[in-house]
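Observations on the three-dimensional arrangement
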Amino acid sequence: MAPDLQPELDTLDTEEPDRDAFADDESFRRVYAPWEARYDELYDAQEAGAVFLSDQGCGFTTLLVMTGPHQGAVWQDLRPMDEGIKPTGHGFARWYRNWLERTEQQLGLTPLVPAPGEEMP
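The structure contained in this document is the topic of the report that follows. (Residues numbered from 1 in each chain as written. Predicted model: local features only at pLDDT ≥ 70, side-chain atom pairs only at ≥ 80, totals over all residues. Heavy atoms only, no water.)

1. Considering the pairing of strand β1 (residues 50-57)
As a reminder of what qualifies: Strands were regarded as paired on the criterion that DSSP finds at least two bridges between them. Runs of E in the DSSP output that reach at least two residues are strands. Runs of H or I that reach at least four are helices, and both are numbered from the N terminus.
As paired strands, β1 and strand β2 (residues 60-65) are joined by 6 bridges and run antiparallel to one another. The partner of V51 across the bridge, within β2, is L64. Adjacent in sequence and paired antiparallel, β1 and β2 are bridged by 2 residues, among which C58 carries a positive phi angle near 55°.

This is how it looks when you write it as structure tokens:
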């Protein structure tokens with residue numbers, strides 16, 4: 001994942017051009033376009049080095065970090081709630097096992113392979 005870009009995004013957010021401060025649409029667009037391009041660049045860069053794992057609904061997603069010091073960690077993209085991208089504290093193996101267990105429960109299935117320390121039903 002990219003370094004924490006949220007502080008720069010927060011600053012940029014406070015600098016968003018105000019449409020009412022411009023005499024015409026063209027003047028506003030000339031100022032707004034580069035601001036929006038930089039905002040989009042920083043927003044997207046937060047996911048650099050990660051891959052999508054799951055959609056949690058309402059725009060929230062789960063990401064697996066593939067590169068850098070957090071490689072193998074699972075993070076939640078909570079930007080729709082203005083909470084940024086945060087680590088879950090779990091690695092992929094634990095996240096995947098939890099996901100499988102939830103899916104089995106939702107489908108009413110019995111696991112085919114017992115968890116460590118468990119016996120087959």
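2. A word on the packing of aromatic side chains
Spelled out, the test is: Aromatic contacts are taken between Phe, Tyr and Trp rings whose centres are within 6.5 Å, Trp giving its six-membered ring; a plane angle under 30 degrees counts as stacked, one over 60 as edge-to-face, and the others as tilted. Working definition: with a 1.4 Å probe on protein chains only, accessible area under 20% of the residue-type maximum means buried, over 50% means exposed, and in between means partly exposed.
For the structure shown, the criterion picks out 9 aromatic pairs. Ring geometry for Y39 versus Y43: centroids 6.4 Å apart, planes at 20°, classification stacked. Remark: Y43 and Y39 occur in helix α2 (residues 25-45); sequence separation between them is 4 residues, near one turn of the helix. Considering the side-chain rings of W95 and W99, the 6.5 Å spacing of their centres and the 15° angle between planes classify their relative orientation as stacked. In this pair, W95 and W99 are both assigned in helix α3 (residues 92-107), 4 residues apart and thus about one turn of the helix distant. A residue is classified by how much of its surface remains accessible, and W95, at 14% relative accessible area, is buried. Site record: aromatic cluster; members linked through ring pairs are F22, F28, Y32, W35, Y39 and Y43.

3. Details of the packing of helix α1 (residues 6-14) against α2
To be explicit about the condition: Axis definition: a line fitted to C-alpha atoms, over the contacting stretch in the case of helices. Angles run 0 to 180 degrees between N-to-C directions. Should an angle lie under 35 degrees it is considered roughly parallel, over 145 roughly antiparallel, and from 65 to 115 roughly perpendicular; all remaining angles are considered oblique. Should the near helix be turned counterclockwise from the far one by less than a right angle, the crossing is left-handed, whereas a clockwise turn marks it as right-handed. It only takes one pair of heavy atoms within 4.5 Å for two residues to be counted as in contact.
In the contact formed by α1 and α2, the axes pass within 10 Å of each other and the chain directions differ by 160°. If you check the angle between α1 and α2, you find them roughly antiparallel. Like other packed secondary-structure pairs, α1 and α2 cross with a definite hand, here left-handed. Counting all contacts with α1, which are made through E8, L9, L12 and D13, the residues of α2 involved are W35, R38, Y39, L42 and Y43.

4. Quick notes on the environment of D25
So the rule is basically this: Residues adjacent in sequence count toward polar contacts only when both atoms are side-chain atoms; beyond that, a polar contact is any pair of N or O atoms within 3.5 Å, and within protein one must be able to donate a hydrogen and the other to accept it.
With respect to the secondary-structure elements, D25 resides in helix α2. On the basis of relative accessible area, D25 is assigned to the partly exposed category, the value being 40%. Here R19 takes part through its side chain, which lies 2.5 Å from a polar atom of the side chain of D25.

5. Quick notes on unusual backbone geometry
With a phi close to 55°, C58 is a non-glycine residue in the positive phi region. Note on placement: C58 falls in the loop between β1 and β2. Positioned with a positive phi, D82 is a non-glycine residue whose angle comes to about 60°.

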